[in-house]
Each structure stands twice: as structure tokens, then as C-alpha cells.
Amino acid sequence: MTHPNDRVYSEAHEWVVVEGDIATVGISHFAQDQLGEVVYVDLPSAGDALVAGETFGEIESVKSVSELYAPVSGEIVEVNDALGDSPETVNASPHGDGWMVKIRLGDATQVDGLMSAEDYDEFVAQG
Amino acid sequence: MRYIPITCAQREHMLATVGVTGIGELFADVPAQAVLQGLLDLPEPLSEVDLVRHVRGLANQNVPATELVSFAGAGMYDHHIPSVVDHILRRPEFFTAYTPYQPEVSQGTLQGIYEYQSMVCELTGMDVANASMYDGATAFVEAALMACRITRRSRVVVSGTVHPEWIETLETYAASGLLEVVGDECTGGLSDASSLASLVDDRTAAVLVASPNFVGNIEDLAAIGAVARAAGALFVVASNPIMLGVLEPPSTFGADIVVGEGQPLGSPMSLGGPGLGLFACRESHVRQMPGRLVGRTVDIDGNHAFVLTLSTREQHIRREKATSNICSNHALNALAAGAYLCAVGAEGLVGIARSCVAKAHYLRDALLSTGRFSAPWGTPFGYEFALAYEGDASEMHDEMLARGYLAGVVVEAPEGGDLVVFAVTEKRTRGEIDAFVKEVASL
């Protein structure tokens, strides 16, 4: 399995790890692999509000640009500014140092609607 | 593409398909007084010979600057254009090409743009330059919009010494709600850093200034740049590319974005246009830069190749997310600028700028010595300067035009009254300047 089971996944290929009321969000290994070499990540600012399902940024690879979709709603408490200088971290460590934003959850039950790693693997396999 | 008219039957079919009985119904929403009633009131047809004579007669009512001795500036300048520039421009592969959308087949055009970008970077001291914009005014506005994107703020502070038409263009964009413009009322011919400082706050995206400014004076960019930095705003500097031959590049003073009107670099004065928008910035901001970019790389065999790069910021790739609605550029004027700079060379540009500055100072001293002009201020200037005329400046201008001179540009002074802005390029000879001074003194 390429997707760790300590977190949940969205159909838009974002992952979420919840600690307390803070959710960390990034994109999945599958997503970064599909994108190819990531050259730029455009992220919002701390303090911005995210709404589940809406875009909160963009990720640009040498091949294309994709929108980032918020898997859950809440207020951004921290942004991974290091990605500005080294966007390739998203490729090298999509589930670790390549995280993108930390959100204070507005509604913790939203997380329940996301997929387990097992379900996500199946989702990806179905294409 | 050939023009293929439709048949009557096809027209009836199309009208029936959309459910109307006649063309007129499609224009039913247009107010009646705006619709042409009847035929145009045109004169009788002319033979070809008569038509050519008629149109030529109309055209001859224009007096091109090339037939006058021009001291006009204020945005468009009568610089010499080396003949090689026109030879390069008129090569059909350049002259007929639009901005490249099939980059791989347009290597020559791409290389021309790449060289132009590189030279704009050299001139301005910035890291990256785009493939050009419509003119100085649009480049100026795009710089303000770019600063708003970068800082996520929406207010810009603009010095009152910037070209009034550029400020007008900026305010046109502001009227659409894209940004808010705070202007500084400048008197004394120079921006006042402390006055600008009183206008900036934590909502300010950029401080915009021109140097040399609209009346030719050279601004204290270090002081104004400090005002921008203190507010966390970007520093946008508009400059004259010829003057960059002798002035320190705006990057020295911490400029984040440098723009300019590129017409002095190889484009003629042609009824006020077309212009060429120079636009350069720091590499860290390249993704927020408007316009297109050409980069250089190597192909699979290791040969140099030129490519459009970062096109994902552009309108033809992602319309709704584009950094600008100006996805095109003035490629032919940019090519002219590149050819011009190649032709004159780095030392040549310095020589041209020095010649312009020296001649402008000579003219100013000579005009002041007539006693008919007075200097509103004694600030450092390049090859353009403003003087007050003792009589009616517009009358003087008209009379001198009748004598074959473009006696500067008459502008309204912020303090009230008229000023005449004179520009003296390297084309003006000492004989022309002396003759002009003599004529104007005799009025």
C-alpha cells in the first residue's frame, strides 16, 4: 500500500490527518505521481477560511496546473511556507514534509465522510 | 480564409432555425435612434485616379514630425532609428507573424523575444522581463495589479508626477473595482517621500513612481523605495529606457517591478502609437507576472532552443486564472527594441543618452537666457524639462508650429497655469536648437 492508513482521503486526492481539532492537509502519493515534477504550490494565508469542496490553492507541475480542493471546512492556522522555496518536497514526501495547510476544524464530522486508505486505494485503482 | 457568402435560401433557413422572420428582429433590442435609417449620406463614386488624389490630399493635411524640428516628448520621443532596425522588422517572417502560439515552429521569433527580454533585464537590473505589453500605461497598470496579487492587498499609492495619461489608465481599471488608487498631489516637480509616506498603510500593495517623471525630473528613488518597503508594499518604478543608459538601474533602489514606455527604442512616433510596454520584475514574483515569457533551453540533441515558458499563467491556457487579460504582446515593437539595442550597443546607448542630456541642458539654458521663459524648479533632469512661458504658451506653440517647430508639449501645471515640457533627443543639432531659440525669442 502506498497510502498510509493513519489518515483519510478525499476524492479530489487530498489527505487529512486530525490531531485534536487541527487537521493537516496535503495531496496523496497518487496525486503527486500523476502530476509529475511539482514546480509551484500556491497556498492561501493563515487566517483564511476554507469551505469543504471549494478550491484553496493551486499546484503546478511541469505538465499541468491543478486546483487544490478543501476536504474539510475550517480556519487555516498554519501554511507550509517551505513549499514556496522547495515545491519538489510534495513529490519527495507527499504524506510528510509536503503537507500544505493546517486547519482548525469547523465541523469534525466532515472527516467521517472521507475515505480510509484501503477505500482510497480501491478508488484510485478503479481510475 | 476565403469569404464565402451565404445564399438567400441558407439565410432563410438560419432565420427559421432561430425562430425569427427577418434580420431586423435580431436587432429589436437596439434603440431605434441608434439604428441606421436608410442609406449613408455618401458622395458620388470617384474614379480611382480621383480617389487617390482626394485621399492623398487628406493625408497631406498631416504634418509628420519628421518634417518638423521636434522638441516634443511627454511620452513619445523623436529618436534616431538606425536603418538596420527597419530592415530586420520588414523581414516577412517577422513582419507577418503574430505572437507565437506554436512555439516549436517559431524559433526565430522566440529568439527575438528572448533577446529583447534579456536586454530589458540588463537595462532595468531586474531578473526577468516579459515579452512586452501594449504600452507604458498598460504595463504600469499591470504592475499595480500584479502588486495586488502578490501582497493580497488592493490599494496602490501613485505619485502625482507620473504621466497623467498613465494615472488615467490606472483609474480606469480602478473604476471596475479591481483596485483602489490613492494619488499624491505633487507640486514642485518632484514626488515628496514624506507626503507619500502619509498615504501608505498596511492596505497598500504598491507605491508607484516614474523617474524621470512626467516633467522630466529625476526622483529620489531611494527615499520613495524606503516608504514602500516600510509599509510592506512593492515598489514600482517607471523609467525611460534611453535614460537607463546613464542612470543607475531601478533595481539599485530596491524596485520590485520596473515598467516603461519602450517607444524610444526603435519605434517611430506614429500619430501617438503604437507603443511598447516594458515590464520587468524579480524572479521570486515571476508567477504573478502578466504577459508571456520566452525561455532558453536545450533540445534532445543539446542544441539551444527557445520555448514559451510558464504559459499556465496565460490566457490561452487558463483563461479564468490568467495573470492578465493582455495575453498578447507587441512582438514587432519588441523586436524593434531588441534590434535597436543590438545596433547601438551598450556604449552607443550611453553615448545617445549623454548626447540627449547635454543638448537638453543646453536648450534649457538658452531658453532661460531669452528672458521669455522661467524655470519653475531647479531639480536634476534628463533630456526632458518643463519651463513656464511668459505669454500664452498655446499661442507660442501654434506660432512655432507654423514656423516648422514642435515647441514641446503644453501641459497644465499642478500649481495652475501652463508649463511647456521640452524634450531634446540626440537628433537635434546645435544649429536647430540655436535657430529655435532665436525664433521663439522673436515672438
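Conventions used here
- Residues numbered from 1 in each chain as written.
- Chains lettered and ligands numbered in written order.
- Predicted model: local features only at pLDDT ≥ 70, side-chain atom pairs only at ≥ 80, totals over all residues.
- Heavy atoms only, no water.
- Helix = DSSP H or I, 4+ residues; strand = E, 2+ residues; numbered from the N terminus.
- Buried < 20%, exposed > 50% of the residue type's maximum accessible area, 1.4 Å probe, protein only.
- Areas by Shrake-Rupley, 256 points an atom, 1.4 Å probe, with all protein chains shown as cover.
- pLDDT = per-residue confidence, 0-100.
- Pairing = 2+ DSSP bridges.
- Phe/Tyr/Trp six-rings, centres within 6.5 Å; stacked < 30°, edge-to-face > 60°.
- Lys NZ or Arg CZ within 6 Å of the ring centre and 35° of its normal.
- Salt bridge = Lys/Arg side-chain N within 4 Å of Asp/Glu carboxyl O.
- Right-handed = clockwise from strand over helix to strand, strands pointing away.
- Core = buried A, V, L, I, M, F, W, Y, C linked by side-chain atoms within 4.5 Å.
- Contact = heavy atoms within 4.5 Å.
- Arc of directions from axis to C-beta.
- Patch = residues over 30% accessible without salt bridge, like charges linked within 9 Å, V, L, I, M, F, W, Y side chains within 5 Å.
- Buried area = accessible area lost by both parts, 1.4 Å probe.
- Polar contact = N/O pair within 3.5 Å; in protein donor to acceptor, adjacent residues only side chain to side chain.
- Nonpolar A, V, L, I, M, F, W, Y, C, P; charged D, E, K, R; others polar.

1. Concerning the overall build of chain B
Scanning chain B from N- to C-terminus turns up 13 helices and 15 strands. Taken over the C-alpha atoms alone, chain B extends approximately 80 × 60 × 50 Å along its principal axes. Taking all 443 residues of chain B together, 49% fall into the buried category. Of the roughly 21700 Å² that chain B leaves accessible, carbon and sulfur atoms contribute 55%.

2. Remarks on the confidence of the model for chain B
Per-residue confidence for chain B gives a mean pLDDT of 93, with 98% of residues at or over 70. Quick note on the complex model: pTM equals 0.85, ipTM equals 0.70.

3. Here we look at the sheet that holds strand E6 (residues 234-239) of chain B
All names here are of chain B. One open sheet holds the 7 strands; their spatial order is E2-E8-E7-E6-E5-E3-E4, and the pairing between them is mixed. For this open sheet the edge positions go to strand E2 (128-129) and strand E4 (180-183), each flanked by a neighbour on one side alone. Examined bridge by bridge, strand E3 (residues 155-158) and E4 share 4 bridges and lie parallel to one another. Among the inter-strand pairings, Val158 is bridged to a residue of E4, identified as Gly183.

4. A closer look at the packing of aromatic side chains
We describe a pair of aromatic rings using the distance from one ring centre to the other and the angle between the two ring planes. Within this structure, the stated rule accounts for 12 aromatic pairs over all chains. Ring centres of Phe422(B) and Phe436(B) lie 6.1 Å apart, and the angle between their planes is 65°; on these two criteria the pair is classed as edge-to-face. One end of the pair, Phe422(B), is in strand E15 (residues 418-423); the other, Phe436(B), is in helix H13 (residues 430-441), and 14 residues separate them in sequence. Taken individually, Phe422(B) and Phe436(B) each receive the classification buried, so the pair is uniform in this respect. Here the aromatic cluster, defined as three or more aromatic residues joined through ring pairs, consists of Phe71(B), Phe373(B), Phe381(B), Phe385(B), Tyr389(B), Tyr405(B), Phe422(B) and Phe436(B). When the ring centre of Trp99(A) is taken as origin, the NZ or CZ atom of Lys102(A), which lies over that ring, is 4.5 Å away.

5. Re the pattern of salt bridges
Residues and elements named next belong to chain B. Tallying each qualifying case throughout the model produces 17 salt bridges over all chains. Among the ionic pairs, Arg90 bridges to Asp86, the shortest N-O distance being 2.8 Å. A relative accessible area of 52% means that Arg90 is categorised as exposed. Of the charged contacts, one joins Glu93 and Arg91 as a salt bridge, the two residues approaching to 2.8 Å between their closest N and O atoms. Exposure remark for Glu93: the relative accessible area of 41% places this residue in the partly exposed category.

6. Section: the pairing of strand E5 (residues 204-210) of chain B
Residues in a regular strand point their side chains to alternate faces of the sheet. All names here are of chain B. Counted residue by residue, E5 has 7 buried out of 7 residues, so it is predominantly covered. Sheet topology note: the E3/E5 ladder contains 4 bridges and is parallel. Counterpart to Val157 in the pairing with E5 is Val207. Here E5 runs beside E6; their pairing, made up of 5 bridges, is parallel. Bridge assignment links Ala206 to a residue of E6, and that residue is Leu234. You can see the chain leave E5, run along helix H10 (residues 221-230) and come back into E6, and the turn it takes is right-handed.

7. Observations concerning the nonpolar core
All names here are of chain B. If you look at the biggest cluster of nonpolar residues, it comprises 72 residues, and the most contacted ones within it are Phe71, Tyr340, Leu363, Leu367, Phe385, Phe422 and Phe436. When sequence neighbours within four positions are dropped, the list of residues in contact with Phe385 reads Val215, Ala360, Leu363, Arg364, Leu367, Val420, Val421, Phe422 and Val424. Listed in part, the 36 residues of the second largest apolar core include Met146, Cys148, Val286 and Ile326.

8. What about unusual backbone geometry?
Residues and elements named next belong to chain B. Going from Ser211 to Pro212, the amide bond is cis rather than trans, its omega being -5°. Residue placement: Pro212 occurs in the loop between E5 and H10. Going from Gly273 to Pro274, the amide bond is cis rather than trans, its omega being -5°. Here Pro274 shows up in the loop between strand E7 (257-261) and strand E8 (277-281).

9. Quick look at the pairing of strand E14 (residues 409-412) of chain B
With 4 bridges joining them, E14(B) and E15(B) adopt antiparallel strand pairing. Following the sheet pairing, Val409(B) is matched in E15(B) by Val421(B).

10. Structural notes on the side chain of His79(B)
Residues and elements named next belong to chain B. As for its placement among the helices and strands, His79 is situated in the loop between strand E1 (69-70) and helix H4 (83-89). Looking at His79, the relative accessible area reads 6%, which means it is buried. For His79, the contacting residues outside a window of four places in its chain are Ile242, Pro264, Cys356, Tyr383, Thr425, Glu426 and Lys427.

11. Looking at H10(B)
All names here are of chain B. Those residues of H10 that sit buried are Leu221, Ile224, Gly225, Val227 and Ala228. When H10 is viewed along its axis, its buried side chains cluster within an angular range of 150° and face the same direction. Residues of H10 that are buried make contact with helix H9 (193-197), E5 and E6. One or two residues past the end of H10 sits Gly232, with phi positive at roughly 70°.

12. Thoughts on a nonpolar patch on the surface
Together, Val18(B), Ile23(B), Leu26(B), Phe27(B), Val30(B) and Val35(B) make up a nonpolar patch on the protein surface, roughly 530 Å² of accessible area in all. Relative to the helices and strands, Val35(B) is located in the loop between helix H2 (23-26) and helix H3 (48-59).

13. Examining the interface of chain B and chain A
Each partner contributes to the interface: chain B provides 7 residues, whereas chain A provides 10 residues. Of the roughly 740 Å² buried at the junction of chain B and chain A (both faces included), carbon and sulfur atoms supply 34%. The largest contributions to the chain B side of the interface with chain A come from Arg152(B), Arg287(B) and Arg318(B), which together make up 65% of the buried area. At the boundary of chain B and chain A, one finds 1 salt bridge. A salt bridge links Arg287(B) to Glu60(A), with the nearest nitrogen and oxygen atoms 3.3 Å apart. For the pair chain B and chain A, the number of links is 2 residue pairs in polar contact (both at pLDDT 80 or more). Considered class by class, the residues forming the side of chain B that touches chain A number 1 nonpolar, 2 polar and 4 charged.

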